[in-house]
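Residue-level listing of the chains:
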Amino acid sequence: MTGSFDNRERIASLMAAEQARYAATHARSGELFAQGRQHWLYGAPSHWMRRWIGGWPIYIRDEARPYGVRFGDVDGNDYVDFCLGDTGGMCGHGHPAVVEAMARQARVGTSLMLPSGDAEWVGEELTRRFGLPYWTLTTSASDANRACIRLARMITERPRVLVFSGAYHGSVEEAHVELRDGEVRMRNNIHHNFFPHDKLSRVVEFNDIPALEAALRQGDVACVLAEPAMTNYGMIAPQPGYHEALRRLTRETGTVLLIDETHTISSGPGGYTAQHGLEPDMFVLGKAVAGGIPAAVFGLSQAMAERVWQVLPRVPPTVRQSAHAGFGGTLAGNALTVAVMRAVLSQVLTGEAFERMLGLADRLQRGVNGSIARRGLPWHATRVGARVETLFAPDEPRNATDVKRHRDAELEALLHLFLMNRGVLITPFHNMMLCCSGTTADDVDRHNEAFDQLVTELVK
């Protein structure tokens, strides 16, 4: 932390009070987490669930509610959800179209390893929205990214994947690295898994065109794996001309450009790619595309598909042989996923819905920035479409190193716990808030009022 708010004693005092409040008002959740530690490796079905601040996660109450972003916990507390499963719940909770599609397809069959009547519509819609003509389904964006990396290596016969320092692309081994003091290191002390990162990964800072060019000119990079705007290490926007340079350099060096829009789909119905006219060779979208059911898609341009077909023929084999190809799985493209995906693309993540979502996100961002400005603090909220993030920094960062310079773990922990104790959830891994079609102006105002209360308490 570099002094964005120097009253450490005030932060510690508020944090102690909030921890006590959380313990008093979430006792039953604490008991369930203690029981869970007897059976789950890290106390809950996913080790990520322990990342919620407070000492243990909230346990949700099994209670159906009208469509929206509100739910209750087992201790009787109610919440407005701006985390939305870190984008997986971007459709909101209990959208009628999603629920109906799930129930309808479940009565027919969920996983048959055969295409359903919804498949053709979904394929056409993916092409219409995102511009790439050929698509495949996987069960996660991690799987989709790994499949694209495999295909890129297959057609280029090159070993390396270039990633940007601080980026997150799921459980892709090549992306578990970052630059630290100019050296390539494992991110977040992740075990190296005996993976040869020094031979298969290359890392540069986002927005650094000279470093990007130097890395690609070596001629051994199969693909660049990139978010169009970085979202995991604070939200980092591309500088003017950066995407044009990225596309030009990848084409000049024969490198595949793989755009991962798992988070930046918040930009609009066609993601950042459609909004800004990007031209990726491969494209990945996960989480939100099937209403929270584990699913993702990846698309290929015409040129990429033709190169892939030269290695993996498109026509069915005339003799019985493996169709594994090193990616995919028996649950990928299952009928339940495709049915819900059609409902999401036709009735939930529509152009009309995004207009409303973007307006609410703008309201949220203006509320946060207004609270900050009234106290003269050197912070700000930034936004990518319906996705808003509070940064404890005075300026927009250019790369992950800029974010690290201003990172304040104690202040971030206080922000999360203070909001949670007032019934507002934001993403535990970073300070992200997402508005969906089920979010209301009252939901946004509840967040902004709680945030304003926190800022008021800090500067007393």
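The structure under discussion appears in the preceding block.
Residues numbered from 1 in each chain as written. Predicted model: local features only at pLDDT ≥ 70, side-chain atom pairs only at ≥ 80, totals over all residues. Heavy atoms only, no water.

Caption draft 1: The arrangement of the overall build of the protein in detail. Per the secondary structure count, the protein includes 15 helices and 15 strands. Computed over its C-alpha atoms, the radius of gyration of the protein comes to 22 Å, within 12% of the 23 Å expected for a compact globule of 460 residues. For the protein, the spread of C-alpha atoms along the three principal axes comes to 70 × 55 × 45 Å. Across the 460 residues that make up the protein, the buried fraction comes to 54%. Carbon together with sulfur atoms contributes 53% to the accessible area of the protein, which is approximately 20200 Å² in total. For the protein, the centre of its 47 positive side-chain charges and the centre of its 52 negative side-chain charges are spaced 2 Å apart. (Helix = DSSP H or I, 4+ residues; strand = E, 2+ residues; numbered from the N terminus. Rg over C-alpha atoms; globule rule 2.2 N^0.38 Å. Buried < 20%, exposed > 50% of the residue type's maximum accessible area, 1.4 Å probe, protein only. Areas by Shrake-Rupley, 256 points an atom, 1.4 Å probe, with all protein chains shown as cover. Lys, Arg positive; Asp, Glu negative; His and termini not counted. Charge placed at Lys NZ, Arg CZ, Asp CG, Glu CD.)

Caption draft 2: The arrangement of the pairing of strand β8 (residues 221-226) in detail. Within β8, six of the six residues are buried, leaving the element largely enclosed by the surrounding structure. Sheet analysis places strand β4 (residues 160-164) next to β8, joined by three bridges and oriented parallel. Following the sheet pairing, Arg160 is matched in β8 by Val221. As paired strands, β8 and strand β9 (residues 256-260) are joined by four bridges and run parallel to one another. (Pairing = 2+ DSSP bridges.)

Caption draft 3: Representation of the pattern of salt bridges within the structure. A full pass over the atoms with the stated rule returns 35 salt bridges. With its nearest N and O atoms 2.5 Å apart, the salt bridge here joins Asp143 to Arg146. Of this pair, Asp143 and Arg146 are both found in helix α5 (residues 141-156), three residues apart, which corresponds to roughly one turn of the helix. Owing to a relative accessible area of 35%, Arg146 belongs among the partly exposed residues under this scheme. Each of Arg61, Glu63, Arg65 and Asp78 takes part in salt bridges that share partners, so that together they form one network. (Salt bridge = Lys/Arg side-chain N within 4 Å of Asp/Glu carboxyl O.)

Caption draft 4: Region of the structure containing the sheet that holds strand β15 (residues 432-434). The sheet built from three strands is open, its strands ordered β12-β13-β15 with antiparallel pairing. On the outer flanks of this sheet lie β12 (380-384) and β15, each paired with one strand and no other. Pairs of neighbouring strands in the sheet enclose a mean axial angle of 25°, with direction left out of account. Of the pairings in the sheet, the one linking strand β13 (residues 387-391) to β15 comprises three bridges and is antiparallel in character. (Axes fitted to C-alpha atoms, helices over the stretch in contact; angles between N-to-C directions.)

Caption draft 5: Summary view of the packing of helix α4 (residues 119-130) against helix α11 (residues 335-348). Viewed as axis vectors pointing N to C, α4 and α11 meet at an angle of 45°, and their least axial separation amounts to 9 Å. In terms of axis orientation, α4 runs oblique to α11. Here α4 and α11 pass one another in a crossing that is left-handed. On α11, the residues that touch Ala119, Trp121, Val122, Glu125, Leu126 and Arg129 of α4 are Val338, Met341, Arg342, Leu345 and Ser346. In terms of residue class, the contact of α4 with α11 is built from seven nonpolar, one polar and three charged. (Parallel < 35°, antiparallel > 145°, perpendicular 65-115°, else oblique. Left-handed = near helix turned anticlockwise from the far one by under 90°. Contact = heavy atoms within 4.5 Å. Nonpolar A, V, L, I, M, F, W, Y, C, P; charged D, E, K, R; others polar.)

Caption draft 6: Spatial organisation of unusual backbone geometry. Backbone geometry at Thr87 places phi at a positive 100°, although glycine is not the residue there. One can find Thr87 in the loop between β2 (78-81) and α3 (96-108). Phi is positive for Asn193, close to 60°, though the residue is something other than glycine. Within the element layout of this structure, Asn193 appears in the loop between β6 (183-186) and α6 (197-200).

Caption draft 7: Structural context of the nonpolar core. Counting residues in each nonpolar core, the largest one holds 77 residues, and the members touching the most others are Phe82, Met90, Met341, Leu349, Leu364, Trp379 and Leu458. Those residues in contact with Leu364 that sit more than four places away from it in its chain are Phe82, Val388, Met433, Cys435, Val444, His447 and Asn448. Of all hydrophobic cores here, the second largest spans 29 residues; its members include Val161, Val256, Leu258 and Met282. (Core = buried A, V, L, I, M, F, W, Y, C linked by side-chain atoms within 4.5 Å.)

Caption draft 8: Up close: α11. Spanning 14 residues, α11 covers 19 Å between terminal C-alpha atoms, matching the ideal 20 Å at 1.5 Å per step. Along α11, the residues classified as buried are Ala335, Leu336, Thr337, Val338, Ala339, Val340, Met341, Ala343, Val344, Leu345 and Val348. Buried residues in α11 make contact with α3, α4, β3 (134-138), β11 (296-300) and α12 (351-374). (Expected span 1.5 Å × (residues − 1).)

Caption draft 9: Local environment of the sheet that holds strand β14 (residues 424-425). The strand order across the open sheet built from three strands is β1-β2-β14, with neighbouring strands paired in mixed fashion. This sheet does not close on itself; its edge strands, each paired only once, are β1 (70-72) and β14. Strand direction decides the pairing type here: β1 and β2, joined by three bridges, are antiparallel. Counted as the bridge partner of Phe71 is Tyr79 from β2.

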